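# Reading the structure
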Amino acid sequence: MNEATPRTVVLEYWCELQCPDCAAALTDLHALRERYGDALEVQLRHFPLEKHKHSYAAAQAAEEAFAQGRGWEYAEAVLARTEELAERGEALLVEIAAGLGLDAEEVDTALVDGRHLLVVDADHAEGKAIGVTGTPTYVISGERLDGGTSQEGLRARIESLADAALGR
């Protein structure tokens, strides 16, 4: 009996929402989504870095945005304003939520009560365990690809691994 070809392949995108390199990587993610559509499931995984003061708060706010059904849109909006986030912090996170039509008050409350901190901490711990040291980092078909130093050639490598996993 032949094993069925998987219909989807998972791409873990280890990201820090205050990271300019992660913002630049969105171009590749958009191209990958365009190429593969529903056959590629991109999962946002949090890897906040200590050097960015507001990265833990941004990850928690993104989790609240996912809970409200608009996580990717929110994450991309935050990544578009990494410099401003460094200056304005949590006030900007709440402002972005309001601008997207999310329940901004609930985002603010989530930052205060820490309801998403366990998810962020679990992602960070898992990232460390599999060797993530910087962002962006990708994991696809069990292979870790480090984009923290250079994005050069990463999209082609991801496409090669996705094609193999999808039997293309």
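Structural notes, computed from the coordinates. (Residues numbered from 1 in each chain as written. Predicted model: local features only at pLDDT ≥ 70, side-chain atom pairs only at ≥ 80, totals over all residues. Heavy atoms only, no water.)

### Here we look at a negative patch on the surface
Note the following rule: Patch membership is restricted to residues that have no salt bridge and whose relative accessible area is over 30%. Joining uses 9 Å for like charges and 5 Å for the nonpolar side chains Val, Leu, Ile, Met, Phe, Trp and Tyr. Only the protein chains shown count as covering a residue, and every accessible area follows the Shrake-Rupley method with a 1.4 Å probe. Between Lys or Arg on one side and Asp or Glu on the other, a salt bridge is scored when a side-chain nitrogen of the former is within 4 Å of a carboxyl oxygen of the latter. The sign given to each residue is positive for Lys and Arg and negative for Asp and Glu; His and the chain ends receive no count. Where a charge sits is defined by one atom per residue type, namely NZ (Lys), CZ (Arg), CG (Asp) or CD (Glu). For the purposes of this entry, the term helix denotes a DSSP run of H or I that reaches at least four residues, the term strand denotes a run of E that reaches at least two, and both are numbered from the N terminus.
The grouping of E90, D103, E105 and D108 at the surface amounts to a negative patch. Inspection of the secondary structure assignment puts D103 in the loop between helix 5 (90-99) and helix 6 (104-113).

### A few points about the nonpolar core
To be explicit about the condition: Think of a nonpolar core as a cluster: buried Ala, Val, Leu, Ile, Met, Phe, Trp, Tyr and Cys residues, connected wherever their side-chain atoms sit within 4.5 Å. Relative accessible area decides the class of each residue, using a 1.4 Å probe on protein chains only: under 20% of the type maximum gives buried, over 50% gives exposed, and in between gives partly exposed. Residue contacts are counted whenever heavy atoms from the two residues lie within 4.5 Å of one another.
With 46 residues, the main nonpolar core has L11, Y13, L29, Y74, L93, Y138 and I140 as its most contacted residues. If we ignore the near neighbours within four places in the chain, the residues touching Y74 are A61, A62, A65, L93, I96, A97, L100 and L102. Judged by nonpolar contacts, the second largest core, of five residues, contains W14, F47, L49 and V139.

### Some words on helix 5
Along helix 5, the residues classified as buried are L92, L93, V94, I96 and A97. Of the residues one or two after helix 5, G101 is the one with positive phi, at around 80°.

### Description of the packing of aromatic side chains
The test is simple: Pairing of aromatic side chains requires ring centres within 6.5 Å, counting the rings of Phe and Tyr and the six-membered ring of Trp. Pairs whose planes differ by under 30 degrees are stacked, by over 60 edge-to-face, and all others tilted. Definition used: whenever NZ (Lys) or CZ (Arg) falls within 6 Å of the ring centre and also within 35 degrees of the ring normal, the charge is taken to sit over that ring.
In total, this model carries three aromatic pairs according to the counting rule given. Look at Y13 and W72: their rings are 6.4 Å apart centre to centre, the planes differ by 25°, and that puts the pair in the stacked class. Here Y13, found in strand 1 (residues 9-15), pairs with W72, found in helix 3 (residues 71-79); they are 59 residues apart in sequence, far enough to count as distant. The class for Y13 is buried, based on a relative accessible area of 0%. Here the aromatic residues Y13, F66, W72 and Y138 are joined through ring pairs into a cluster of three or more. Residue placement shows R33 over the ring face of W72; its charged tip is 4.2 Å from the ring centre.

### Overview of the packing of helix 5 against helix 6
For clarity, the cut-off: What counts as an axis is a line fitted to C-alpha atoms, over the stretch in contact for a helix, and the angles between N-to-C directions run from 0 to 180 degrees. Here roughly perpendicular refers to angles of 65 to 115 degrees, roughly parallel to angles under 35, roughly antiparallel to angles over 145, and oblique to all remaining angles. In this scheme the crossing of two helices becomes right-handed for a clockwise turn of the near helix relative to the far one and left-handed for an anticlockwise turn of less than a right angle.
Look at helix 5 against helix 6: their axes get within 8 Å of each other, and the N-to-C directions meet at 150°. Classified by the angle between their axes, helix 5 and helix 6 sit roughly antiparallel to one another. Considering the relative orientation of helix 5 and helix 6, their crossing is right-handed. Along its contact with helix 5, which presents E90, L93, V94, A97 and A98, the element helix 6 presents A104, V107, D108 and L111.

### Thoughts on the pattern of salt bridges
Throughout the structure, instances matching the rule amount to 17 salt bridges. Close ionic contact of R155 with D28 constitutes a salt bridge, the shortest N to O distance being 3.3 Å. Of the two residues, R155 is situated in helix 8 (residues 154-166) and D28 in helix 1 (residues 20-36); the sequence distance between them amounts to 127 residues. Take R155: its relative accessible area is 32%, and that puts it in the partly exposed class. A salt bridge links E126 to R45; the shortest N-O distance between them is 2.6 Å. Placement of E126 in helix 7 (residues 117-129) and of R45 in strand 2 (residues 40-46) is noted, with a sequence separation of 81 residues between them.

### Re unusual backbone geometry
Peptide bonds are mostly trans, and most non-glycine residues show a negative phi. Geometrically, the link from T135 to P136 is a cis peptide bond, its omega value of -5° lying close to zero. Position of P136 among the secondary structure elements: in the loop between helix 7 and strand 3 (137-140). The backbone of S141 sits at a positive phi, close to 50°, despite the residue not being glycine. When you line up the elements, S141 lands in the loop between strand 3 and strand 4 (143-146).

### Side note on the sheet that holds strand 2
The test is simple: One requirement defines pairing of two strands: DSSP has to find at least two bridges between them.
Pairing in this open sheet of four strands is mixed, and the strands run 2-1-3-4 from one edge to the other. Of all strands in the sheet, those bounded by a partner on one side alone are strand 2 and strand 4. Taken pair by pair, the neighbouring strands of this sheet meet at an average axis angle of 20°, ignoring direction. Along the sheet, helix 7 makes contact with strand 1 and strand 2, crossing strand 2 at roughly 100°. Those strands touched by helix 8 are strand 1, strand 3 and strand 4, and its axis lies near 165° from that of strand 4.

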